[in-house]
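So the chains spell out like this:
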Amino acid sequence: RQAHGQPPLTMSVPLYNAAKGHSYDMGARRYFAHNTPEGVTPWDRIRAAGYGYNTHLGENIAAGSDSAQVVFDAWRSSAGHNANMLSANYRAIGIGRYYVPGSPYGYYWTTDFGGISVDNTPPTVSITNPGGPYADGIVNFTASATDNAGISKVDFYINDQREHSDRTAPYSYAWDTTGLSGNHGLRVVATDTAGLTSQATVQVTVSPLVPTDSYYFTWYDQSTSDLRNWVLMVNPATGQATARAAALVGGISQFDRELAAGAPAATPQFPGIMGGPVAVNATGPLITSQRVLYKNSFNEIPGVRKDDLESVYYFTWYDSNPANGMRGAWILIGNQGSTTAQVEVYIGGALKGTYSVPAGGKVTPSYANTTGGPLKVISTNGQPLIVSQRILYLNSFNEVLGVPGSRLGSEYDFTWYDSRRENYMKGNWILISNQDSGSATVEVFIGGRRMGTYNIPEGATITPQYEGVMDGPVKVISTNGKKLIVSQRILFKNSFEEFQGLTAADRGTDLWFTWYDSKRGNGMNGNWILVSNQGNSTANVNVYLGSSLLTQLSLPEGANIPLTFQDAMGGPVRVLSTNGVPIMATQRVLYVDSFNEIGGMQLR
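Residues numbered from 1 in each chain as written. Predicted model: local features only at pLDDT ≥ 70, side-chain atom pairs only at ≥ 80, totals over all residues. Heavy atoms only, no water.

Draft legend 1. The arrangement of the environment of Thr-178 in detail. As for its position among the elements, Thr-178 is in the loop between β10 (171-176) and β11 (182-192). Along the primary structure Thr-178 and Ala-135 are separated by 43 residues, whereas in three dimensions their C-alpha atoms are 9.9 Å apart. Looking at Thr-178, its side chain comes within polar contact range of the side chain of Asp-176, at 2.6 Å. (Helix = DSSP H or I, 4+ residues; strand = E, 2+ residues; numbered from the N terminus. Polar contact = N/O pair within 3.5 Å; in protein donor to acceptor, adjacent residues only side chain to side chain.)

The structure is reproduced here in structure tokens:
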């Protein structure tokens, strides 16, 4: 039945009694038929046994074999009998075999089918995520319901008034709290296929959230078993008060809770949800990121602060060519402005598409069989956007954020470079695009050693790589002051990763990551915090996991160090230069057969 898309059958005592009674009767009275010699039908016998439902009924009979497998195969080879076993009309079954010595066939078999499961067990139901103790705007009110026979429906009640009925999991209701305030009772009632019910309740306070800080991602997806997706939120222990934080996907609230200062990272997931943009609104500054597991690959990106949204973004490259292993490349563009955004996308200077994106809306264009760069996204009417590029390479997933136009500069840094084949690196490219007028003269340094000097024409992109090199930090500098866009693209085993070059704005004395995990049982094959001294003197650095001090170190001027902490998991991670010397930090993770890197974030 499962192979044919049908639900399993539940054993029924009344159907079993009817089936076994008929098997005995056929042997004892030496006949083989559905009807008794007196003309009693299967339906009469089934109802007499106590299965009195007004529903679909069916019966198979067999005789002559003591083997269940032989009888089953015989029924499966008969069109009519097999149709009974696979019928979508049936939910319950009773099977009776009886051996009657001296009878014509010896063994007699009867299987009776019914359309309703006999069920005395009520369903189990819970409210899995009404958002939290608070509600504001449109809230995704969800329930989890299970039953041994099956769920017929889940009804959603607000203050004892039924608002919605859902017959398909995941069970949810988008509750619009506009104009409401105060405490409200939320109740779900699950009904199983036998008509039995259970309920769960929760109290929610409708209270408008007036954010002082907002953070954005382009997309959220936990709609299939291949995807797991967390939105991580941290209220750092820097003396500030408890902050209320709400996470919205496509304008619908999925999470609304208070985050105590210094508390462990909040790591909510939203099963069954897919959409965007994603907004995290808070009453105080947070550190936020989104972590995604896709099959055997891992990706993490930081949230983008509202104040950092702009109307122009850049990427160094775009590749959707299947011959290069690319299974998909999407440019995700979310409009966070107050009016429709008129958006243009260029690749290698050529216009690829023009889009009208409504306020709060998004588009996700993809351009088939296209390889080149740089890529530019611009709102021609100046609306603030959130822009990222999401890529499927073979069976891995990567997302990289666009670089805002105001962040373009003449100097970029990376904490590390590795192209060694023995480390399973299949390619490591430094992509450098000249976004200024006139040619750019560019030098690349790795570990303080000049690797190359390049002359890049206006609007052009180069993609150097350095075979067999492993060292850091990496510096890319335009010696004649031209504005560049720079990224590092890596093939590790059968996965792909892109990381945007860090600029002076990414340097600081107090850097954060939302999470750290080096547990092998979680698929983590390596997790390094790479710290680079960007100052002119020794930096004294403390690294914390949560409130625990993991290590203290003195990092000489220009030095770079990778730190790893065995069998550790939690968050947040804080990298603090205690003597005020500027540092740069990234986190590099090996998950199963994939690689990811994320830069340290600053609390602003």
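What follows picks up the thread again.
Draft legend 2. Summary view of the side chain of Arg-390. Within the element layout of this structure, Arg-390 appears in strand β31 (residues 385-393). Polar contacts involving the side chain of Arg-390 include one to the side chain of Glu-399, which spans 2.8 Å. Excluding residues that lie within four positions of it along the chain, Arg-390 makes contacts with Thr-218, Trp-219, Gly-328, Ala-329, Trp-330, Leu-332, Phe-397, Asn-398 and Glu-399. (Contact = heavy atoms within 4.5 Å.)

Draft legend 3. Broad picture of the nonpolar core. Ranked by internal contacts, the top residues of the largest apolar core, which has 49 residues, are Met-233, Leu-286, Ile-333 and Val-377. With five residues, β31 is the single largest residue contributor to this core. Once residues lying within four places of it in the same chain are set aside, the contact partners of Val-377 are Ser-311, Val-312, Tyr-313, Ile-331, Ile-333, Val-343, Glu-344, Val-345, Leu-385 and Val-387. (Core = buried A, V, L, I, M, F, W, Y, C linked by side-chain atoms within 4.5 Å. Buried < 20%, exposed > 50% of the residue type's maximum accessible area, 1.4 Å probe, protein only.)

Draft legend 4. A look at helix α4 (residues 79-86). Among the residues of α4, Asn-82, Asn-84 and Met-85 are the ones counted as buried. Buried residues of α4, viewed axially, fall in a sector of 155°; they line one side. Residues of α4 that are buried in the fold lie against β2 (57-63), α3 (68-77) and β4 (107-114). (Arc of directions from axis to C-beta.)

Draft legend 5. Spotlight on the pairing of strand β36 (residues 425-434). Burial of β36 is extensive: eight of the 10 residues sit out of reach of the surface. Pairing of β36 with strand β42 (residues 484-492), which is carried by nine bridges, proceeds in the antiparallel orientation. If you follow Ser-433 over to β42, its bridge partner there is Ile-485. Here β36 runs beside strand β39 (residues 461-462); their pairing, made up of two bridges, is antiparallel. Looking across to β39, one finds that Ile-432 is bridged to Ile-462. (Pairing = 2+ DSSP bridges.)

Draft legend 6. Looking closely at the sheet that holds strand β53 (residues 594-599). Read across the open sheet, the four strands follow the order β49-β46-β52-β53; overall the sheet is antiparallel. One side of each edge strand has no neighbouring strand; the edge strands of this open sheet are β49 (560-563) and β53. Each adjacent strand pair in this sheet contributes to an overall mean axis angle of 20°, direction not counted. Here four bridges tie strand β46 (residues 524-533) to β49, and the two strands are oriented antiparallel to one another. When the bridges of β49 are listed, Ile-529 appears paired with Leu-563. (Axes fitted to C-alpha atoms, helices over the stretch in contact; angles between N-to-C directions.)

Draft legend 7. Here's a closer look at the sheet that holds strand β43 (residues 495-500). Overall, antiparallel pairing links the four strands, which are arranged β39-β36-β42-β43 in an open sheet. A strand with exactly one partner marks an edge of an open sheet, and here the two such strands are β39 and β43.

Draft legend 8. Inspection of unusual backbone geometry at higher detail. Between Ala-169 and the following residue, Pro-170, the backbone shows a cis peptide bond with an omega angle of 0°. Tracing the backbone shows Pro-170 in the loop between β9 (161-166) and β10. Cis geometry is adopted by the peptide bond preceding Pro-572, which originates at Gly-571 and carries an omega value of 10°. For Pro-572, the location among the structural elements is in the loop between β50 (569-570) and β51 (573-577). A positive phi angle is found at Lys-295, which is not glycine, with a value near 50°. Relative to the assigned elements, Lys-295 resides in the loop between β20 (287-294) and β21 (297-302). Under the relative-accessibility criterion, Lys-295 is labelled partly exposed at 34%. Although it is not a glycine, Leu-394 adopts a positive phi angle of roughly 50°. Along the polypeptide, Leu-394 turns up in the loop between β31 and β32 (396-401).

Draft legend 9. Region of the structure containing the environment of Met-569. With respect to the element layout, Met-569 can be found in strand β50. Given a relative accessible area of 42%, Met-569 falls into the partly exposed group. A sequence separation of 432 residues divides Met-569 from Gly-137, and the C-alpha atoms of the two residues are 34 Å apart. Non-local contacts of Met-569, meaning those with residues more than four positions away in its chain, are made with Trp-515, Tyr-516, Asp-517, Lys-519, Asn-522 and Leu-545.

Draft legend 10. Structural detail: the packing of aromatic side chains. Throughout the structure, instances matching the rule amount to 14 aromatic pairs. When the centroid spacing of 6.3 Å and the interplanar angle of 50° are considered together, the rings of Tyr-393 and Phe-496 count as tilted. With Tyr-393 in strand β31 and Phe-496 in strand β43, this residue pair connects regions lying 103 residues apart in the sequence. Like Tyr-393, the residue Phe-496 is buried in the burial classification. On the numbers, 5.9 Å between centres and 65° between planes, the contact of Tyr-516 with Phe-565 is edge-to-face. (Phe/Tyr/Trp six-rings, centres within 6.5 Å; stacked < 30°, edge-to-face > 60°.)

Draft legend 11. Region of interest: the side chain of Ser-23. Here Ser-23 lies in helix α1 (residues 13-28). Leave out the neighbours within four places in its chain, and Ser-23 touches Gly-96, Arg-97, Tyr-98, Tyr-108, Trp-109 and Thr-110.

Draft legend 12. How the structure looks around the packing of α3 against α4. Where α3 contacts α4, the two axes come as close as 5 Å, and the packing angle between them is 105°. Here α3 is positioned roughly perpendicular relative to α4, judged by the angle of their axes. For the pair formed by α3 and α4, the contact residues are Phe-72, Trp-75, Arg-76 and Ser-77 on the first element and Ala-79, His-81, Asn-82 and Met-85 on the second. Of the residues belonging to the contact of α3 with α4, the class tally is four nonpolar, three polar and one charged. (Parallel < 35°, antiparallel > 145°, perpendicular 65-115°, else oblique. Nonpolar A, V, L, I, M, F, W, Y, C, P; charged D, E, K, R; others polar.)

None of the figures reported here should be taken as evidence of function without further support.
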